[in-house]
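Residue-level listing of the chains:
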Amino acid sequence: VQLVESGGGLVQSGGSLTLSCVGTGFTFSIYGMGWYRQAPGKERELVAIMPARGGMTNYADSVKGRFTISRDNDKNEVTLQMNSLMPEDTAVYYCIAEETYSDLVVPYWGKGILVTVSS
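Residues numbered from 1 in each chain as written. Predicted model: local features only at pLDDT ≥ 70, side-chain atom pairs only at ≥ 80, totals over all residues. Heavy atoms only, no water.

Caption draft 1: Representation of the pattern of salt bridges in the model. This model, assessed by the stated rule, comprises 4 salt bridges. One salt bridge connects Arg-37 with Asp-89, and the closest N-O pair in it is separated by 2.9 Å. Remark: Asp-89 occurs in the loop between β8 (77-82) and β9 (91-101) and Arg-37 occurs in strand β4 (residues 32-38); sequence separation between them is 52 residues. A single burial state applies to Arg-37 and to Asp-89, both of which are buried. Of the charged contacts, one joins Arg-66 and Asp-89 as a salt bridge, the two residues approaching to 2.7 Å between their closest N and O atoms. Taken as a pair, Arg-66 in the loop between β6 (58-59) and β7 (67-72) and Asp-89 in the loop between β8 and β9 lie far apart in primary sequence, 23 residues in all. Here Arg-66 matches Asp-89 in class, with each residue buried. Linked through salt bridges whose partners overlap, the residues forming this network are Arg-37, Glu-45, Arg-66 and Asp-89. (Salt bridge = Lys/Arg side-chain N within 4 Å of Asp/Glu carboxyl O. Helix = DSSP H or I, 4+ residues; strand = E, 2+ residues; numbered from the N terminus. Buried < 20%, exposed > 50% of the residue type's maximum accessible area, 1.4 Å probe, protein only.)

Rendered as structure tokens:
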């Protein structure tokens, strides 16, 4: 499993940014896909996760209404559209692929990409 993120960078407060993650080496369509982030000095936290099929997309309360996750199974790509960015959104953003076996979930992580929001 390989996950490669792109689209990070520096943006002003109130601006927008789109992150992309392309997955290779696995059957993309049957994996849950999502994004986590880790700000300096803080633990990694969920941003948004989209199940493989069916189920509800889950967003962190802090990004609801501002961020939108989507996936394109034909392109093996998951994107995170981030609008109305705030300085507190500054973090390294990690793409995650989740393989589910019955009750066991095995996560695979990208290397992460930095998003910096200036005030």
